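# Coordinates in review
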Amino acid sequence: MSDEILAELNERFGSGSDSLQPDVAAELQSIMRLHQLSAQDVFFKWESYCIKMDMDEQKASIDTLRAFKQDLQDALERSHRAQPNIKTEKRAGATPRTVAKGSTDVFGMLDGLTTPAAGRSAKASLKRKHLDTPRAKPEPASSPLKLEDRLNSLGIVPPPSFNDRQNPGEVIEILNETFPAAEPPIAPFGEPRIKLTAASDQKKLGYKPLAMKLSEASEILDDRIDDFMALAMEHHNLDDSAFGSAAIQSTSEIVAVGRIASDSPGGKLNAASLVLETSRRMGGGLRVPLNLGKLPGYQFFPGQIVALRGINTSGREFTVQEVLTIPLLPNAASTPSALESLREKTRGGPDAMDSDTEPMPLNIIFASGPYTADDNLDFEPLRTLCNEAADIYADAVVLTGPFIDMEHPLIASGDFDLPEEATYDPDAATMSSVFKHLVSPALNRLVAANPHVTILLIPSVRDVLDKHVAWPQDAFPRKDLGLPKSAKIIGNPMTLSMNEMVLGISSQDILWELRHEELVGGKPSDSALLSRVSRYLIEQRHYFPLFPPVDRAKLPKTGTAEGVPPGAMLDVSYLKLGEMLNVRPDVLVVPSALPPFAKVVESVLVINPGYLSKRRGAGTYARMTLYPVSQAVIASSSGSGMLAHKVFERARVEITRI
């Protein structure tokens, strides 16, 4: 049994083929015995601890495990301290109390059931009640202690004040450090320097949610397999006869295209449970186990569409000999004349700069919600970010949800008040009123300081404000939100162009879910976690290639009483709306609970700005300085048809603490 536990710990906490150090394995087993946890539960708590502590690397060491063990012990002690407070609400006077001599009501069980005896006045009875052990009474709904008691019972220590945060403004990571950061202009530009062009059809996102049909969902999943088979056939110059069903016994080598899945729906993907799901057209929808023994290394996740070369001689399993590459989408490109026109637009108006000088680089800020900590609705991080954007005269501010987060304890309980200066009808107030008085003021002040700033808002499935509860997700209506005219609300996900830069953005935390569900063995082609999970999106041409999504009970706990997040909320019938269209994005923004980063993956600049506010403290955001295409490059390619954007070669990205 000990060997099985050690093997599971190596699978979850090890990296690639490296086994855990003996002291690390011993410490993990000690935690399991002390807290009576399984290896899976310890791993989930370890991931939550890494996210809470903002650890850049989740590799377990003896020092970090001892700190993790102490954190579990502290949480257990807080839970025990809070336990009596919970019990007093349910008991009915079971605590022994001091009573008058000769009384038989030792436990006070007759309080309120008998009338005062002769010679004992009502005043004396009232005085005795004041000396009794106080009973727990239901507190009014607006009592601030109610939330504090709830947070204490959940083991949550109130976070420090936002003004007491450590190292505000610290740059923790820089991509392309050789480029200088953009200097703010002396005054705002006379006109917007960014031209927006939608590459996705946002009207299609307005579908009716909660009306999914199994027949439509299965067709969508099948069509995706067939589409990838056509891509593999063209890319590798294969005949149609080279493809076959992995589930059929044969002595001939074939190429099988299908979806990676697990034969145990509730368990994590592993080498023993790995199966290939075929389409109905090629394999009758059958599933066949995969034998990966001949591969030097592999990296798979549920929902991944793969093309495998191998053979099924026994009829029981498909032996994989090679994993064929799936072709990537082409790089984004524009004509030299279009790039020249957009280059002139970055001058900010005809009188802004001399035509002989280089245009100033674009200044773009990316941030993701939540925008306030769990203990308040002050939205101080959002106000600070908007002040920073106003100070540097940012050209664009891209904000992804959640804005009004259903996982926030105060929002979930409804126990909060709007600011005193807010004017509204209490009987007619809605979540739109909450957004108008808590979120919109910061954006309006930003526009007042910089009238030509471009603001993009992307919803989240965690937004209480949005009635479209499924992903892919339609934009929420702007009526009654009090937003400035320059603020635009777009869908989730969305592909659009900011000048020549093709921007792909989704507020779903797909990176964390891929990290949680992926199976890596041997020597994978990419050993770096953050670039590997980002590459999955680019290779699969989708903003959410994972299927099925992670069970919401396994996601990081929330601050609400239930403690369970809503999850991915996928509408499988419309997953095609989550595909990347025609070209690879120049910039891919995917906010995640994983450590924030900016990396170049397959010529795509992938940015995880992190969360602007964490549950117990301040978070991070990303600032991009995008230099225009040089005049020399445009002139040298004027005779050719298209010119690749290569944004990753001329963009500086800073991951900054708010």
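Criteria and cut-off values
Residues numbered from 1 in each chain as written. Predicted model: local features only at pLDDT ≥ 70, side-chain atom pairs only at ≥ 80, totals over all residues. Heavy atoms only, no water. Helix = DSSP H or I, 4+ residues; strand = E, 2+ residues; numbered from the N terminus. Buried < 20%, exposed > 50% of the residue type's maximum accessible area, 1.4 Å probe, protein only. Contact = heavy atoms within 4.5 Å. Areas by Shrake-Rupley, 256 points an atom, 1.4 Å probe, with all protein chains shown as cover. pLDDT = per-residue confidence, 0-100. Lys, Arg positive; Asp, Glu negative; His and termini not counted. Salt bridge = Lys/Arg side-chain N within 4 Å of Asp/Glu carboxyl O. Axes fitted to C-alpha atoms, helices over the stretch in contact; angles between N-to-C directions. Parallel < 35°, antiparallel > 145°, perpendicular 65-115°, else oblique. Nonpolar A, V, L, I, M, F, W, Y, C, P; charged D, E, K, R; others polar. Pairing = 2+ DSSP bridges. Arc of directions from axis to C-beta.

### Some remarks on the overall build of the chain
When helices and strands are counted, the chain shows 16 helices and 24 strands. Within the chain, the fraction of its 658 residues that count as buried is 50%. When contacts within the chain are restricted to residue pairs at least 6 apart in sequence, those whose partners lie at least 24 apart make up 73%. On the chain, roughly 31,600 Å² of surface is accessible, and the fraction owed to carbon and sulfur atoms is 52%.

### Quick notes on the confidence of the model for the chain
Residues shown with low pLDDT carry predicted positions that ought not to be read at fine detail. Taken residue by residue, the chain gives an average pLDDT of 84. The fraction at 70 or more is 85%. Of the regions scoring below 50 in pLDDT, residues 85–145 engages in 35 contacts with residues more than four places distant in sequence or in other chains.

### Here we look at the side chain of aspartate 463
Mapped onto the elements, aspartate 463 comes out in the loop between strand 12 (454–458) and strand 13 (487–489). Lacking a salt bridge, the buried aspartate 463 has arginine 462 as its closest oppositely charged neighbour, with an N-O distance of 8.0 Å. Aside from chain neighbours lying at most four places away, what touches aspartate 463 is Gly401, Pro402, Phe403, Ile404 and Met406.

### A few points about the pattern of salt bridges
A complete count under the given rule lists 21 salt bridges for this structure. With its nearest N and O atoms 2.9 Å apart, the salt bridge here joins arginine 287 to glutamate 277. Of this pair, arginine 287 sits in strand 5 (residues 287–291) while glutamate 277 sits in strand 4 (residues 274–277), and the two are 10 residues apart along the sequence. Judged by its relative accessible area of 46%, arginine 287 falls in the partly exposed class. Within this structure, Arg224, Asp227, Lys576 and Glu579 form a network of salt bridges that share partners.

### Some words on the packing of helix 1 (residues 2–13) against helix 2 (residues 22–35)
Contact geometry of helix 1 with helix 2 gives a least axis separation of 11 Å together with a crossing angle of 110°. Regarding the angle of helix 1 to helix 2, the classification is roughly perpendicular. Packed against helix 1, whose contacting residues are Ser2, Ile5, Leu6, Leu9 and Phe13, the element helix 2 presents Ala25, Leu28, Gln29 and Met32 at the interface. Here the residues of the contact of helix 1 with helix 2 sort into seven nonpolar, two polar and no charged.

### Comments concerning the sheet that holds strand 15 (residues 501–505)
The strands that make up a sheet pair up through hydrogen bonds in the backbone, lying either parallel or antiparallel. One open sheet holds the six strands; their spatial order is 2-14-15-17-19-18, and the pairing between them is mixed. Every other strand in the sheet has two partners, leaving strand 2 (196–198) and strand 18 (597–601) as the edge strands with one partner each. Strand after strand, the sheet turns through a mean of 25° between neighbouring axes, direction not considered. Where strand 18 meets strand 19 (residues 604–608), five bridges bridge the pair, whose relative direction is antiparallel. Residue pairing for strand 19: valine 601 is matched across the bridge by valine 604. Lying on the sheet, helix 15 (residues 529–540) is in contact with strand 17 (587–589), strand 18 and strand 19; it crosses strand 18 at an angle near 55°.

### With respect to the pairing of strand 4
Of the two faces of strand 4, both are covered, the one formed by Leu274 and Leu276 as well as the one formed by Val275 and Glu277. As defined by bridge partners, strand 3 (residues 254–262) adjoins strand 4 across four bridges and the pair is classed as antiparallel. If you follow isoleucine 260 over to strand 4, its bridge partner there is leucine 276. Relative to strand 5, strand 4 runs antiparallel, the two being bridged by three bridges. For valine 275, the partnering residue across the bridge sits in strand 5 and is proline 289.

### A few points about helix 13 (residues 440–449)
Within helix 13, the full set of buried residues consists of Ser440, Ala442, Leu443, Leu446 and Val447. One face of helix 13 carries all of its buried residues, which in axial projection span an arc of 160°. Those residues of helix 13 that are buried are in contact with helix 10 (380–391), strand 11 (396–400), helix 12 (431–438) and strand 12.

### Focus on the sheet that holds strand 12
Read across the open sheet, the seven strands follow the order 1-24-22-10-11-12-13; overall the sheet is mixed. What marks the edges here is a single partner per strand, and that holds for strand 1 (171–175) and strand 13. Taken pair by pair, the neighbouring strands of this sheet meet at an average axis angle of 15°, ignoring direction. Bridge analysis of strand 12 against strand 13 gives three bridges, and the strand direction is parallel. Paired with leucine 457 across the two strands is isoleucine 489, which belongs to strand 13.

### A closer look at unusual backbone geometry
Cis geometry marks the peptide bond from glycine 369 to proline 370; its omega dihedral reads 5°. Relative to the helices and strands, proline 370 resides in the loop between strand 10 (362–368) and helix 10. Geometrically, the link from glycine 401 to proline 402 is a cis peptide bond, its omega value of 10° lying close to zero. By the element assignment, proline 402 lies in the loop between strand 11 and helix 11 (409–413). The phi torsion at glutamine 36 lies on the positive side, around 55°, for a residue other than glycine. Structurally, glutamine 36 is set in the loop between helix 2 and helix 3 (39–52). Since its relative accessible area comes to 74%, glutamine 36 is described here as exposed. The backbone of glutamate 602 sits at a positive phi, close to 55°, despite the residue not being glycine.

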